[in-house]
Amino acid sequence: MDGASILSLYHDRETGLWQTGPTFTEEHLRNIPSLESLLPGIVKHTRSLGAKSLGVVLHIADEFATAELNPGITNLDSLEELRAASQYDPSSILADTSIPADQASWRIMPYAADQRGPVGTAISLSRQYEPLLNAFRNIGEEENFPVITQALSAPLIVIQGLGQVLHPTAQRPFVVILQYPWFTAMAFFDERANLLLIRSLQHRGLRRPTNFRHALTTTTASLELIDPDLYVAQLGQVVDQTLLADLKLTFPNQRVEEVISIRHDELPAWAPEPLIAVTPPSETSALQSETFTSLREDKWATQDFLQPSREAKEVFPDQGEMRMLRALKYVRYGLFLAVFLAVVWCSMGIIQIIRQPEWSFNPQEAASTTMKVAKYSQEKKKIEYWENMLADRSKAWITMESLVRLFPEQSGIQVESFSYSARPEPAPGQVTVGFVKEWKINGLAREEALEFLNALNTREGIDAHFDQIAKVTGNEAYQTDIATRTLVVNIRTLENSSYKTDTSADIKDTGKNSFPYTFDLTITQRFDAKDPMAINSAKAP
Amino acid sequence: MYKQPIIFFGLILPLLAAVALISAVLYGKSEVEASFNEKSQHYAGFEMTTKAAMGLEKAVSQKRAHMERWQNGLSQESLSEVNKQWKTISATLPNKEIQLSAYDKTAGSTGLGGVSAQKSSQVRLAFRGTYRTMQKAFLDLESRMPQLQLQELKIDPSQNQSSLLNLQVTYTAWEN
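Conventions we followed
- Residues numbered from 1 in each chain as written.
- Chains lettered and ligands numbered in written order.
- Predicted model: local features only at pLDDT ≥ 70, side-chain atom pairs only at ≥ 80, totals over all residues.
- Helix = DSSP H or I, 4+ residues; strand = E, 2+ residues; numbered from the N terminus.
- Buried ≥ 20, exposed ≤ 12 C-beta atoms within 10 Å, placed from the backbone.
- Contact = placed C-beta atoms within 7 Å.
- Core = buried A, V, L, I, M, F, W, Y, C linked by C-beta atoms within 7 Å.
- Pairing = 2+ DSSP bridges.
- Axes fitted to C-alpha atoms, helices over the stretch in contact; angles between N-to-C directions.
- Nonpolar A, V, L, I, M, F, W, Y, C, P; charged D, E, K, R; others polar.
- Expected span 1.5 Å × (residues − 1).
- Arc of directions from axis to C-beta.
- Parallel < 35°, antiparallel > 145°, perpendicular 65-115°, else oblique.
- Left-handed = near helix turned anticlockwise from the far one by under 90°.
- pLDDT = per-residue confidence, 0-100.

### Topic: the overall build of chain B
Regarding its fold elements, chain B presents 3 helices and 4 strands. Taken from N to C terminus, the helices and strands of chain B fall in the order α-α-β-β-α-β-β. For chain B, the residues scored as buried account for 31% of the 176 residues in total. Of all intrachain contacts in chain B linking residues separated by at least 6 positions in sequence, the fraction that spans at least 24 positions is 70%.

Laid out in structure tokens, this is it:
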């Protein structure tokens, strides 16, 4: 707002887009209740654009006043203290103690540090727009939408922007003349582009200040600037368009130019301040000097002239806290993600576990199965016990089969008597007890049977007989290839004392006296306690 | 001014909540895993027991019929059972080729039964008969009464009838 017009724009900092803003009238600015219908709409529109907060930047271009600092202030190192003093105790830094300092808002603008003049100047703006900015902050509270405000001095913003567009003559001082509808500001720079002085001339209803040329000349002279370049910036729709031409006529030996204005689709050429304010000053700008470095780094041009009171400010988080809030939001996202992943991971693990058959296993089933095993084991033990006890370790029919097969027919042998016995071999403390089976056979033999008896009276001979019986009858007791058994045979052959050599017909072939030999055969089979057929010493389970 | 509350509510509290939640979830998972491990051990034992039970059941069921038959025989008094079976057996054999001439029983465990705590008795039998017929009779008797373990067998030729033999048999009979 420059007194003659009010320009309102929406700006999206993320996309860089500009839009035409709501229409403000002089009535809105002076009569705050008239804004009641306008402000909620602004918040609503801001929300509709997806913004999460609203920054209201007021470029004040209808007033600009400077005042000399107290001459006693010469130390540039104390600029930060001066900045604080200008906000909270302005009367302490002003040269003119008669100025009612508390009726305006004061800020410091430092000059170049060449010690040729004052360290800076105090710039004041009235508090006339304070209710307007309060109304914006209040609607933010009402709508629960973050609203921050900033009131900038438009000429200071333009001075900061000069660094990007101005190309003064080398080693020559220059003056920048900022034409606003209600005042003209002049910024004087030395040959190194350092700011020496800012002056403001009120138009007082005219198109230009009456004493403009005189003021320009005398100030240039007082600052000892020789033929400085003159740059004119027309910063209003209704500014004096003839000033540039007049200056060219008045100062023919000096470079007099218009500052190249901006070209933008939404912003008018006479209002570059909003664009300058959102464009960060570049370190590679055309003008490099202490002044522009200080403007860029210390942000002198963007000082808030109408900032909320300390008490009001303390209600809201500052920028650092907001940055912290935003950063912590991502930290919380990370935490949420970590928790979510942990929950998912654990849930997957638990689901995988629950799907296992082991999980749904009922221990009572195990108890019943264990009881079954115990029952079957007991039954099996009993069966095994009786299988042992009832094993065919000693059977009459097999014994008789063995005897028959021991002496085949027509073998020249006649059996006279046969006895068989089975007796245990007690061994105290043994679980199983071995036993001995003994066959005793007495008989008669002819000459031709001796060879057979001799063959039988060998280990191989008796083993072959037992193996044959085992094979024919399937009786395991006759198996000889088990290490826990021993088999011994003993045959004694004697001459038959009653043998008669007479072969007359009255002597029968089977008569005792027809056999030249007698024999007695003893077979002993021993089963030790580790033999599978050894007898259980315990009682049945 | 809001730095500490922001850090507390924005970082520390969510961090504590996250740590608590993750700890709770991990604790729950570890509890489930511990329970699962315990169940797994039981289950592994259960599976082994089940397999063992199935194996045992199969083995036992195959022999159960024999066992029942054995138990039935073992529960009978030995000598009377021998007599009973002998009558059945001898009925199928020629009378002239087999004759039971004497039988008696000695109670108490001697012979093969003397070394076992299991109850047994001695059954003595005397026969006259031909060799093969007697062998058949013994085969039949010992098949019917597997509890009979031959302790002694004596075979002598008969003095009167040359075709018949004298057989003296002593059995150890296991009893229940």
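There is more to say after this.
### Some details on the overall build of chain A
Along the backbone of chain A there are 15 helices and 17 strands. In chain A, buried positions account for 31% of the 541 residues.

### Considering the nonpolar core
Ranked by internal contacts, the top residues of the largest apolar core, which has 79 residues, are A:Val158, A:Val175, A:Val176, A:Ile177 and A:Ala187. Excluding anything up to four places from it in sequence, A:Ala187 contacts A:Ile159, A:Val175, A:Val176, A:Leu195 and A:Ile198. Within the second largest apolar cluster, 58 residues are counted, among which are A:Ala422, A:Leu444, B:Val115 and B:Trp174.

### Some remarks on the sheet that holds strand β6 (residues 120-126) of chain A
All names here are of chain A. Pairing is antiparallel in the open sheet, where 3 strands are placed in the order β4-β6-β5. With one partner strand each, in any of the chains shown, β4 (65-68) and β5 (104-110) form the two edges of the open sheet. Across the sheet, the mean angle separating the axes of adjacent strands is 35° when strand polarity is ignored. Taken together, the 4 bridges between β4 and β6 define a ladder with antiparallel strand orientation. By the bridge assignment for β6, Ala67 is matched with Ala122.

### Examining unusual backbone geometry
All names here are of chain A. In this structure, Asn144 takes a positive phi of about 55° despite not being glycine. Within the secondary structure, Asn144 is located in the loop between α4 (130-142) and β7 (147-153). Unlike most non-glycine residues, Ala193 shows phi in positive territory, near 65°. For Ala193, the position within the fold is in the loop between β9 (183-189) and β10 (195-202). Its 21 C-beta neighbours within 10 Å are what place Ala193 among the buried residues.

### With respect to the interface of chain B and chain A
The interface of chain B with chain A comprises 59 residues on the first partner and 60 residues on the second. Counting only elements with at least two residues in the side of chain B that touches chain A, the list comes to α1 (3-74), α3 (131-144), β3 (148-157) and β4 (165-174) of chain B. In terms of residues, the side of chain B that touches chain A owes the most to one element, α1(B), which gives 33 residues. Taken together, the residues of the side of chain B that touches chain A sort by class into 34 nonpolar, 15 polar and 10 charged. Inspection of the sheet shows strand β13 (residues 413-425) of chain A paired to β3(B) by 4 bridges, in the antiparallel sense. Pairing of A:Ser421 across the sheet is with B:Glu152, part of β3(B).

### Here's the deal with helix α15 (residues 459-473) of chain A
Residue and element names in this part refer to chain A. Here α15 contains 15 residues, and its C-alpha end-to-end distance of 21 Å stays within 8% of the 21 Å for a straight helix at 1.5 Å per residue. Where α15 is concerned, the buried positions are Ile462, His465, Phe466 and Ile469. The arc that holds the buried residues of α15, viewed along the axis, is 90°, so those residues lie on one side. Of the residues in α15, the exposed ones pointing more than 90 degrees away from the buried face are Arg459, Glu460 and Lys471. Where α15 is buried, its residues meet α13 (396-406), α14 (450-456), β15 (485-495) and β16 (517-527).

### Comments concerning the sheet that holds β10(A)
Picture the strands of a sheet paired through backbone hydrogen bonds; they go either parallel or antiparallel. Residue and element names in this part refer to chain A. Across the sheet, 5 strands lie side by side as β10-β9-β8-β11-β12; this open sheet has mixed pairing. Single-partner strands in this sheet number two, and they are β10 and β12 (256-258). The sheet shows a mean angle of 20° between the axes of neighbouring strands, direction not considered. Two strands pair when backbone bridges link them, and β9 and β10 are joined in this way by 7 bridges, in the antiparallel orientation. By the bridge assignment, Ala187 is partnered in β10 with Ile198. Set on the sheet, helix α5 (residues 154-165) makes contact with β8 (174-179), β9 and β11 (229-234); between it and β8 the angle comes to about 140°.

### So, the pairing of β9(A)
Residue and element names in this part refer to chain A. When you tally the buried positions in β9, you get 7 out of 7 residues, the bulk of the element. In terms of strand pairing, β8 meets β9 through 6 bridges, oriented antiparallel. Note that in β9 the partner of Leu178 across the bridge is Ala185. Hairpin connection between β8 and β9: a loop of 3 residues separates the two successive antiparallel strands. Taking the residues that link successive antiparallel strands as the turn, the β9-β10 hairpin has 5 residues, and the phi of Ala193 there is positive, at about 65°.

### Here we look at the packing of α13(A) against α3(B)
Contact pair α13(A) / α3(B): the axes reach a minimum separation of 7 Å and the direction vectors enclose 145°. When α13(A) is examined against α3(B), the residues A:Ala396, A:Trp397, A:Met400 and A:Glu401 are found in contact with a partner set consisting of B:Tyr131, B:Gln135, B:Phe138, B:Leu139 and B:Glu142. Among the residues forming the contact of α13(A) with α3(B), the class breakdown is 6 nonpolar, 1 polar and 2 charged.

### Describing the environment of A:Ile353
Positionally, A:Ile353 belongs in helix α11 (residues 319-354). In contact with A:Ile353, other than residues within four places in its own chain, are A:Trp359, B:Val32, B:Glu33 and B:Phe36.

### A closer look at the packing of α13(A) against α15(A)
How two helices sit against one another is set out by the angle between their axes and by the gap between those axes. Residue and element names in this part refer to chain A. Interaxial distance between α13 and α15 falls to 10 Å at its minimum, and their mutual angle equals 130°. In this view, α13 runs oblique relative to α15, as classed from their interaxial angle. In terms of crossing hand, the pair formed by α13 and α15 is right-handed. Taking contact as the criterion, the partners of Ile398, Glu401, Ser402, Arg405 and Leu406 in α13 are, on α15, His465, Gln468, Ile469 and Thr473.

### Details of the confidence of the model for chain B
Any segment with low pLDDT has predicted coordinates that should not be analysed in fine detail. Of the residues in chain B, 99% have a pLDDT of 70 or more, and the chain-wide mean is 89. Scoring the predicted complex yields pTM 0.55 and, for the interface, ipTM 0.84.

### What about the confidence of the model for chain A?
On average, residues of chain A carry a pLDDT of 89, and 97% of them reach 70 or more. Here helix α10 (residues 310-315) of chain A is the element of chain A with the lowest mean pLDDT, 76, and β8(A) is the one with the highest, 96.

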